[in-house]
Amino acid sequence: GTEWKKKLRKDVTENLRVPDYATNRGGPSTLEWSNIYWANRLAEGLRAQIKGDIVLISLSGEGLKAPNTPTLTKGTRLVSLSTIKKMPLVPGEIGLFILLSPCSESHYRDGIQLADKSQVPIIALNAPFSYRYDIGGGKPFELTYVMKRIPKGWYYRQYPKDFEIIIEGPNYEILKAKSY
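A few points on the structure. All of these numbers come straight from a predicted model, not from anything done at the bench.

About the criteria used
- Residue numbers restart at each chain and count upward from 1, following the sequence in its written direction.
- In keeping with the predicted nature of the model, local features appear solely for residues at pLDDT of at least 70, side-chain atom pairs appear and are counted solely at 80 or more, and the whole-chain, interface and lining totals rest on all residues.
- Computation of side-chain values: all heavy atoms of the structure, hydrogens and water removed.
- Centres within 6.5 Å are what make two rings of Phe, Tyr or Trp a pair, Trp counting through its six-membered ring; a difference in plane orientation under 30 degrees is then read as stacked, over 60 as edge-to-face, and the rest as tilted.
- Put simply, DSSP marks the helices as runs of H or I at least four residues long and the strands as runs of E at least two long, and each gets a number from the N terminus on.
- In this scheme, a residue with accessible area under 20% of its type's maximum is buried, one over 50% is exposed, and one in between is partly exposed, where area comes from a 1.4 Å probe on protein chains only.
- We call two residues in contact whenever any of their non-hydrogen atoms come within 4.5 Å of each other.
- Salt bridge, as applied in this entry: a Lys or Arg side-chain nitrogen positioned within 4 Å of an Asp or Glu carboxyl oxygen.

## Observations concerning the packing of aromatic side chains
Right, so step 1: Enumeration over the complete set of coordinates arrives at 2 aromatic pairs.
Right, so step 2: Centre to centre, the rings of tyrosine 37 and tryptophan 38 are 4.9 Å apart; their planes meet at 70 degrees, and the pair counts as edge-to-face.
Right, so step 3: When the ring of phenylalanine 163 is compared with that of tyrosine 180, the centres are 5.5 Å apart and the planes differ by 15 degrees; the resulting orientation is stacked. Of this pair, phenylalanine 163 sits in the loop between strand S6 (153-158) and strand S7 (164-168) while tyrosine 180 is found in the segment after strand S8 (174-179), placing the two residues 17 residues apart along the sequence.
Right, so step 4: Owing to a relative accessible area of 43%, tyrosine 180 belongs among the partly exposed residues under this scheme.

What follows is the structure in structure tokens.
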């Protein structure tokens, strides 16, 4: 990988205290470990504002099997979607759900049902693609930060600003094409 990818992987292994070989298997595994890392960083920043546990919901099962279980921010736990759906949800015990890499309509639907049942917010983190052929999971989710490659450019948003379409010219010049 590139130097930036190696640096990120090093940050992931140090932050989560897992061996490098656990995060270096490529493809979906790399994406999931990166999402666990970013969710843990998010939990660090939100910890003081959230009453109750922050629950990271893994769809792939990555990080759930010893000896490669990550060390997370205090009050943060990682569970599989199938496990959390079977658990009794005690009011006040959970303060936030973070759904890692939702890919299908059922992932979003299950996440919404868990959040509604617990009466707590949910964040869908880093969906690798959209099942709707649009941007993100649709209502009730609001994309707050996104930068995705499209042919000849990107679409970008940093909430609360508008979405921007950015075009890359033939000589690599960058042009803002549209905001909406």
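## Topic: the side chain of threonine 73
Right, so step 1: Here threonine 73 shows up in the loop between strand S1 (53-58) and strand S2 (76-80).
Right, so step 2: Residue classification places threonine 73 among the buried positions, given a relative accessible area of 16%.
Right, so step 3: In this structure threonine 73 touches Asn40, Ala43, Glu44 and Arg47, once residues within four positions along its chain are discounted.

## Description of the pattern of salt bridges
Any two side chains of opposite charge can pair, given that their charged atoms come close.
Right, so step 1: All told, the structure shown has 8 salt bridges when counted by the stated rule.
Right, so step 2: With a closest N to O distance of 3.6 Å, aspartate 11 and lysine 7 form a salt bridge. In this pair, aspartate 11 and lysine 7 both sit in helix H1 (residues 3-16), 4 residues apart, roughly one turn of the helix.
Right, so step 3: Given a relative accessible area of 43%, lysine 7 falls into the partly exposed group.

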